[in-house]
Each structure stands twice: as C-alpha cells, then as structure tokens.
Amino acid sequence: MTAPPPFRPGRRAVLAAAAGLAGAALLPRAAGAVAAADGAVALTAGPARVSLVGPPHPQTTVWAYNGTVPGPVLRWRQGDTARIAFTNALAEETTVHWHGLRVPVAMDGVPHLSQPPVPPGGRFTYAFTLKDAGTFWYHPHANSAQQVGRGLAGVLVVKEREPVPVDRDLVWALSDWRLTREAAVDDGFGHPMDASHAGRLGNTVTLNGAIVDAVPVRAGERLRLRLANLAGARVFALEFRGHAPQVIALDGHPVPPHAPDGDRVVLGPGQRADLMLDLTGAPGERFDVVDSFHPRQTYRLTSLVYGSDAPVRRSPSDTPVVLPANPLPPLDLAGAVRHDVVIEGGAMGRLPDGMAMTPAGPFWTLNGTAPMGHAAHAGPPLITVKRGQTVRMGFVNDTAWWHPMHLHGFPFRILTRNGAPSPREEWRDTVLLAPREAVEIAFVAEEPGDWMLHCHVLDHQEFGMMAVLRVA
Ligand SMILES: [Cu+2]
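Cut-off values and rules
- Residues numbered from 1 in each chain as written.
- Predicted model: local features only at pLDDT ≥ 70, side-chain atom pairs only at ≥ 80, totals over all residues.
- Heavy atoms only, no water.
- 1 Å grid on protein atoms, 1.4 Å probe; cavity = no way out; pocket = protein on both sides within 12 Å on 5 of 7 lines; lining within 4 Å.
- Points joined across faces, edges and corners; volume = space filled by probe spheres on them.
- Helix = DSSP H or I, 4+ residues; strand = E, 2+ residues; numbered from the N terminus.
- Nonpolar A, V, L, I, M, F, W, Y, C, P; charged D, E, K, R; others polar.
- Domains from an automatic or database assignment.
- Buried area = accessible area lost by both parts, 1.4 Å probe.
- Salt bridge = Lys/Arg side-chain N within 4 Å of Asp/Glu carboxyl O.
- Polar contact = N/O pair within 3.5 Å; in protein donor to acceptor, adjacent residues only side chain to side chain.
- Pairing = 2+ DSSP bridges.
- Donors = N, O, S within 2.8 Å, 3.2 Å for Na, K, Ca; no water.
- Axes fitted to C-alpha atoms, helices over the stretch in contact; angles between N-to-C directions.
- Phe/Tyr/Trp six-rings, centres within 6.5 Å; stacked < 30°, edge-to-face > 60°.
- Buried < 20%, exposed > 50% of the residue type's maximum accessible area, 1.4 Å probe, protein only.
- Lys NZ or Arg CZ within 6 Å of the ring centre and 35° of its normal.

### A few points about empty space enclosed by the protein
Under the criterion given, the structure shown has three cavities of 30 Å³ or more. A volume near 230 Å³ is recorded for the largest cavity. As for the largest cavity, its lining consists of 21 residues, of which V148, G149, D176, A231 and G232 are closest to the centre. Broken down by secondary-structure element, the contributors of at least two residues to the lining of the largest cavity are helix 2 (144-149), strand 10 (168-177) and helix 4 (458-462). Across the lining of the largest cavity, the residue classes break down as twelve nonpolar, five polar and four charged. Each of domain 1 (18-162) and domain 2 (171-306) gives at least three residues to the lining of the largest cavity.

### Here we look at the domain arrangement of the protein chain
Domain assignment breaks the protein chain into domain 1 (18-162), domain 2 (171-306) and domain 3 (333-471). On a C-alpha basis, the centroid separation for the pair domain 2 and domain 3 is 25 Å. Approximately 2100 Å² of surface area, both sides summed, lies buried where domain 2 meets domain 3, with 60% of it carried by carbon and sulfur atoms. Run the count over domain 2 and domain 3 and you get three salt bridges. The interface formed by domain 2 and domain 3 includes eleven residue pairs in polar contact (both at pLDDT 80 or more). A total of four residues in the side of domain 2 that touches domain 3 trace back to one element, the largest contributor, which is strand 16 (residues 253-258). Across the side of domain 2 that touches domain 3, the residue classes tally to eleven nonpolar, ten polar and five charged.

### Digging into the pairing of strand 5 (residues 81-88)
Of the strand pairs in this sheet, strand 2 (residues 41-50) and strand 5 are connected by five bridges, and their pairing is parallel. Note that in strand 5 the partner of T44 across the bridge is T87. Note that strand 5 and strand 7 (residues 123-129) share seven bridges and pair antiparallel. Bridge assignment links F86 to a residue of strand 7, and that residue is F124.

### What about the coordination of the copper ion?
Every protein donor of the copper ion is accounted for by H403 (ND1), C455 (SG) and H460 (ND1), and the metal-donor separations fall at 2.0 to 2.1 Å. Sequence spacing of the donor residues for the copper ion, all on one chain, is H-x51-C-x4-H. Placement of H403 in strand 25 (residues 403-407) and of H460 in helix 4 is noted, with a sequence separation of 57 residues between them.

### Structural notes on the sheet that holds strand 8 (residues 134-139)
One open sheet accounts for four strands, arranged 4-9-8-6; its pairing is mixed. Every interior strand has two partners, whereas the edge strands, strand 4 (74-77) and strand 6 (97-99), have only one. For this sheet, the mean angle separating the axes of adjacent strands, direction not counted, is 25°. Two strands pair when backbone bridges link them, and strand 6 and strand 8 are joined in this way by three bridges, in the antiparallel orientation. Note on strand 8: the bridge partner recorded for H97 is H139.

### Section: the packing of aromatic side chains
Under the definition given, this model contains eleven aromatic pairs. Where Y65 meets Y138, the ring centres are 5.1 Å apart and the plane angle is 50°; that geometry is what we call tilted. Of this pair, Y65 sits in strand 3 (residues 60-65) while Y138 sits in strand 8, and the two are 73 residues apart along the sequence. On the accessibility criterion, Y65 (0% relative accessible area) is buried. Counting every residue linked through ring pairs, the aromatic cluster contains Y65, W98, F124, Y126, F128 and Y138. The positively charged end of R150 is found above the aromatic ring belonging to W63, 5.1 Å away from the centroid. The ring of F189 has R200 sitting right over it, with the charged end atom 3.7 Å from the ring centre.

In structure tokens:
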C-alpha cells in the first residue's frame, strides 16, 4: 500500500510561485492573530476559501482558524500566561487542544474528557501559563480526522527567555491534503481502507499553506527552522541537499545538537523538530529539500534559493546553538511504576481473541481495548497512576504500520528503542514507532486528571487507538 504522489501543480503554478508568491507564503502569519478586547488572542474556527495549490487551480474551501491555513502562528514568551478567546463558527462542535504544552487538564481541549465540546456558535476561553519554551501546535480534538484534514491546525511558538543567536527564525508547517481534480478537499473521511492501513494520506503537500517552489535565503545566514508536521497521517523524512542541519530541539524540548540520523529529519504526524541550518552555499546557488520517507515517491518539497547578495559572514559560525533546558520535573527511574501498552490490529494484522474487524471498526487495539470516539471514555481508564509518580511505559507495536503515539500533559523521555538505550537525552510528546518496534519512555505524572494517550494518525485514533491515563 503506497501513497498517491503529491499533487503536481501545473507549469503556470510553478512559475507563479517563482515570481514571488512563495515568499509571501513564508511571511509570519501572526497578522492573522487578533487581540480580543481583554488582551486575549481571538481565535475563530470556521469555513474559509484559500488558494492552496495556486492558479490555474481554483480556490479550496477549508475549515480554518482566523481564515488561514495553517492558522496564525501564536507567539508568546516562556513564563507568559496565554489567553485565547475561542469562537466556534463551524456547523459542528469542536475544541482546541494545545499539543505538547503542559497545561491543567481543564485547558487540554479534549471533548467530554476535559471540557464539554464547544457547540456551533459557542465560545470558550483557554488560559494557561507557558512553562516550556519551544515549538508546539494547536488543533481540534473533536472529529479530528475530518477537522484537521479540512485545515484546522496551527503552530504555537514559545520563545526562550533570552534571545537565541540566529539570523532568522522560520516556521515551516507541513500539511497534507487529499484534493479532487477541482482542488476541493475530498469528502471521503473515515474510509475503512485508510483507517486500517496508513491513514488518510493526501496527494498534496503544502508548506505554510501553499505549494512553495523556492525559499529565498542568503549565503552565510544561520536559520532556526521550526518544522511542524500538521498532517493527519503522512510521515515526512526531509533531506536538505547540500546542507548539514543540526537538530537542536524535538517536540519543543532541547536536545544535544546533532546531525539527523541518516541525514533525514523524520517527522511523524504531530511531531516537531527545530533545526539550526547554516547556509553554506554560494550566492546564486539552489538546493532541493526533498521528502524521501516513501522511497519510491520521493518528491521535492521546496528549494533553498540563494540570492545574489554577498555572504552575511565569511564562514559560518562554528558555535553550536544549545538551547536552555525546559524546567521538566526530574525522573525517579529507580522508583518508577511500569506499564505496558501493546498495539495490535490493522491490515495484515489481527485483533485480540474475541474481537473482529468490521468495516465500521475497530481496526486497532491498545492492550486489547478499542474505544471508538471520545464519548466512549466514560468507562475506566486504561492506566491509573498516582500523582507525582514516575511512570516507565513500554510500547510494543505488534502491527505492520507506523504509529506516532502521543501522550497529553506529560513530556516523556525516550529510554530505549528495541532494547537499546537512546543515544541521547531526548524528550518528546509524540514518539514514532516503526512496524514491530518496541520503545520505552518515562515521565513524571505531575498533573492530576484524565489524559489522552493516542495514535496521531487520526484515522487510527478514531478506529480504536486511544486510551485514558488517569493521574489521581
Ligand atoms: Cu497509528
């Protein structure tokens, strides 16, 4: 089972992008963030018409935050209190989840579990203090595959208390769309073929909401590139041809700077990576950025195009950018409780004894359970732990498919992969499991409440891959 190739824009679209539309698409979208009367950021989810693939293709009707896809980049500084006055202008209920942020459970945006869903026309004010700096994102947690698949997602940046020495700080939000020939969002959500395989893979990949032919750069610059995978199913593996990016943060949290494994930056749905990218090319040169996750369908995402200006500096700085650590609670591994989560099901797989795959699902189980939809979580949680406890959790992916497992509320450290210790200290909120892979993580259950644990392939989530972790 392979993904359809990304949308090929017509020749005219490529030329239009080269003529400067691409640059416009890379401008910060903060202009889309509107201050409400009380100093909160006003955020509205509703339908909008946008130019996703550019002329000669028609505009696309999407569901958008503040009329743009992705939604506005929301920016604060570490230690700030964020206030977001949210309005639901959709025709169905929704919520906003702040992916990766450590917030009280009442602000976590999971319908029925942490708050009543926001009805059409309804409002809800989210407020929380930003404990951690880093690159995060926000999206609905109701009817997620469809609401995210139609465009509801945006990046949230929490700046460090002290400025980080780079020349430019750019957000690259990656989205994946399944479009018809008329450039409309394909209505076929929740298809069993998608849900039992790799999820709803699209045919069009956008960078900050557009097909971007060229990203203008200047020789000698040092960029901080904040990559965020907002897609509902697509895994990316980005190669920066001719360059040697250093990974400086994963899922918002600093890591010792290192070259990406295999020289590819792999991002499962929901994951982020901050790169430090030294622009070592010469004026006038051009280098491709390609996504080679599906080897037979490698495509060019965009190109770094060097302007004719003289280099910013004679040689790139050899000082690595080391970000200050976030104030995460220390792990007590010696006193940790152990819990295991076994993933079963999917095409070419099986469900536990006594369960059958039907076209209506389920297709996936976590420890033999398969809740379908958030209302199913009135039942007992999958795992209950005491507040303050260090939890050592082992995931076993007994399926033929990739799964980005996301835990709400608690950033976790990757301890081992297939039994081998992680080569570096790596904290994440979403861990991508390869087929048949086993991963151990650990975290401190510092906040009480019922927290979601689910696959971020959104069709997998809706067809059984979610559970509740109760911290009491
Ligand atoms: Cu999955």
